[in-house]
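Coordinate analysis (summary)
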Amino acid sequence: MGVATGDFDNDGYVDLYVSNFGPNQLLHNNGDGTFSDVTAAAGVGDPAWSVSSSFVDYDGDGLLDIYVGNYVDYTIAGNKPCRSTTSARDYCSPKVYRPQHDTLYRNLGDGRFADVSRAAGIHAVTGGALGVVAADFNGDLAIDIYVANDGVPNQLWINDGEGRFHDEAYLSGVAVNMDGAPEASMGVAAADFDGDGDMDLLMTHLARETNTLYVNDGSGWFEDRTATAGLAGASFAYTGFGTVWIDYDNDGWLDLFVANGAVTRKQEWVDRGDPYPLGQANQLFVNLGNARFKLFELADDPVFDVAEISRGVAAGDIDNDGDIDLLVANNAGPARLLLNQAGNHAGWIGFRLTDAGGRVDQLGALVSISGGDGKIRLGRTGTDGSYASASDPRVVFGLGKKEPGKYRVDVVWPDRQREHWNGLDAGRYHTLRKGGGASGE
């Protein structure tokens, strides 16, 4: 179903956690182009139907733990027939099946993990998870976990810093939409899209629900601003799955990509004999810099005039030219690599955060830059989010101008230590190693 990426044993190589319909797998990177299945020894073969998962150092001990989002209790033998309005067989609602508990595995540091779901409070709630993203949502520097649940209220697991989580989704305003209704909640993306220094949330949903934008006030309280942001009308007719925040043109404002594909049959496609009558075009929403978006015009790029059954989307700079490219996975169709040819015309600066002790990619670290324009930009080191996908862990900031400049970067590491570097050049990637910067504010 999906994949999460992270260096769980701190040996400098990125490992894979594969979520399945059936037992999951932990694949250890041997460093020579091969992987070994260490699931049994690690104790992380969750047997439930898992979709999205996340490597997250929730306890700040320098070891990546694993959060697994589990869907519903479905079996082949227990398959139930569901039908469309024309009586043809179609996808079932998730409410036809019993939702499952998610799982939290704590990394013990010796290649083994312990299931701490009950002790951490995660087992107290069921959901039907499809999307998972880990970030600090309330500004206390402890990494929280947000779970997108299909057709039932979402969960916001607030980390108390003592090894336990509390679901504060209702109190925080992210359990349901502004009308008080739970939505389909397939994909999720977390980023500071409005440049105010906190993590906001975007959710993708079924057609006739709209996607949902939750704006953070900085303390973990959110408001549904989908309509005022201009995202409601354009997404109403679409079913969104994977979604990522990317500054596609490097103008300094994060834009929004949504991978679409229906789950109910399109009758006009059925009538013309299409074997997979579920195709929809993907969408790019351009950030106008005033908390509003406009839909990227189809005439501007034929990529957005192709109707396919898109599901997962991962973001990353595949050609290392300073702008973010996209890899889209399609149901019953080819994968699409969308190579960005717009952002490399503007200024940019990028970072990869590592540990001098060996671990690559300090997932959960916060990165902020400041330059001559006085604007501070915030980024998050993470590979999770979207839908069942893993993205490039590097943080790239669009600068909106071609002129070279020097920037200060501040990092808050997952263990809450702070460091900064001064005078870093734009137009290139910088590797920042924990312990290599100046400490303090």
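This text goes with the structure placed above it.
What you see as residue numbers is a count from 1 along each chain, following the sequence as written. In view of the model being predicted, local features appear only for residues whose pLDDT reaches at least 70, and side-chain atom pairs are presented and counted only at 80 or more, with totals across whole chains, interfaces and linings using the full set of residues. Water and hydrogen atoms were dropped before computing side-chain values, which therefore reflect all heavy atoms in the structure.

1. Some points on the layout of surface pockets
The method is simple in principle: a probe with the dimensions of a water molecule rolls over the atoms, and the space it marks as empty is what remains. As defined here, a cavity is a set of points on a 1 Å grid over the protein atoms alone where a 1.4 Å probe fits but cannot get out. A pocket is an open set with protein on both sides within 12 Å along at least five of seven lines, and residues line them when an atom is within 4 Å of a point. Grid points are joined across faces, edges and corners, and a volume is the space filled by probe spheres set on the points. Size it by volume and the largest pocket reaches roughly 890 Å³. Around the largest pocket sit 36 residues that line it, and Trp49, Tyr71, Tyr91, Cys92 and Asp150 are the ones nearest its centre. Under the grouping applied here, Gly and all other residues not named as nonpolar or charged are polar, the nonpolar ones being Ala, Val, Leu, Ile, Met, Phe, Trp, Tyr, Cys and Pro and the charged ones Asp, Glu, Lys and Arg. By residue class, the composition of the lining of the largest pocket is 21 nonpolar, 7 polar and 8 charged. For the second largest pocket, the calculated volume is near 410 Å³. Taken together, 23 residues make up the lining of the second largest pocket; nearest its centre are Leu366, Ser368, Leu378, Val412 and Arg418. Secondary structure elements are taken from DSSP: a helix is a run of H or I of four residues or more, a strand is a run of E of two residues or more, and numbering for both begins at the N terminus. When residues in the lining of the second largest pocket are grouped by element, the largest group, 5 residues, is from strand 27 (residues 366-370). Classifying every residue of the lining of the second largest pocket gives 10 nonpolar, 7 polar and 6 charged.

2. A short note on the state of the cysteines
A pair of cysteine sulfur atoms is labelled a disulfide when the two atoms are within 2.5 Å. Going through the model one piece at a time under the given rule, you end up with 1 disulfide. With its sulfur 1.9 Å from that of its partner, Cys82 forms a disulfide with Cys92. Handedness of the Cys82-Cys92 disulfide follows from its S-S torsion of about 100°: it is right-handed. Placement of the pair is Cys82 in the loop between strand 6 (65-70) and strand 7 (103-107) and Cys92 in the loop between strand 6 and strand 7, with a sequence separation of 10 residues.

3. Focus on the pattern of salt bridges
When a carboxyl oxygen of Asp or Glu is within 4 Å of a side-chain nitrogen of Lys or Arg, the pair counts as a salt bridge. Evaluated as defined, the whole model comprises 12 salt bridges. Ionic pairing is found between Arg352 and Asp361, a salt bridge with its closest N-O pair at 2.6 Å. Here's how the labels work: a residue is buried when its accessible area is under 20% of the maximum for its type, exposed when over 50%, partly exposed in between, all with a 1.4 Å probe on protein chains only. The exposure class assigned to Arg352 is partly exposed, which follows from its relative accessible area of 31%. For Lys406, the salt bridge goes to Asp425, with nearest N and O atoms at 2.5 Å. Of this pair, Lys406 sits in strand 30 (residues 406-412) while Asp425 sits in strand 31 (residues 418-425), and the two are 19 residues apart along the sequence. Residue classification places Lys406 among the exposed residues on the basis of a relative accessible area of 56%. On the basis of relative accessibility, which here comes to 32%, the residue Asp425 falls in the partly exposed class. Taken together, the shared-partner salt bridges connect Asp59, Asp61 and Arg106 into one network.

4. Examining unusual backbone geometry
Unlike most non-glycine residues, Ser185 shows phi in positive territory, near 50°. Within the secondary structure, Ser185 is located in the loop between helix 3 (169-172) and strand 13 (188-191). Although it is not a glycine, Ala388 sits at a positive phi angle of roughly 55°. Tracing the backbone through its elements, the reader meets Ala388 in the loop between strand 28 (376-380) and strand 29 (395-398). Here Ala388 falls in the buried class, since its relative accessible area comes to 13%.

Any functional reading would require information that these geometric values do not contain.
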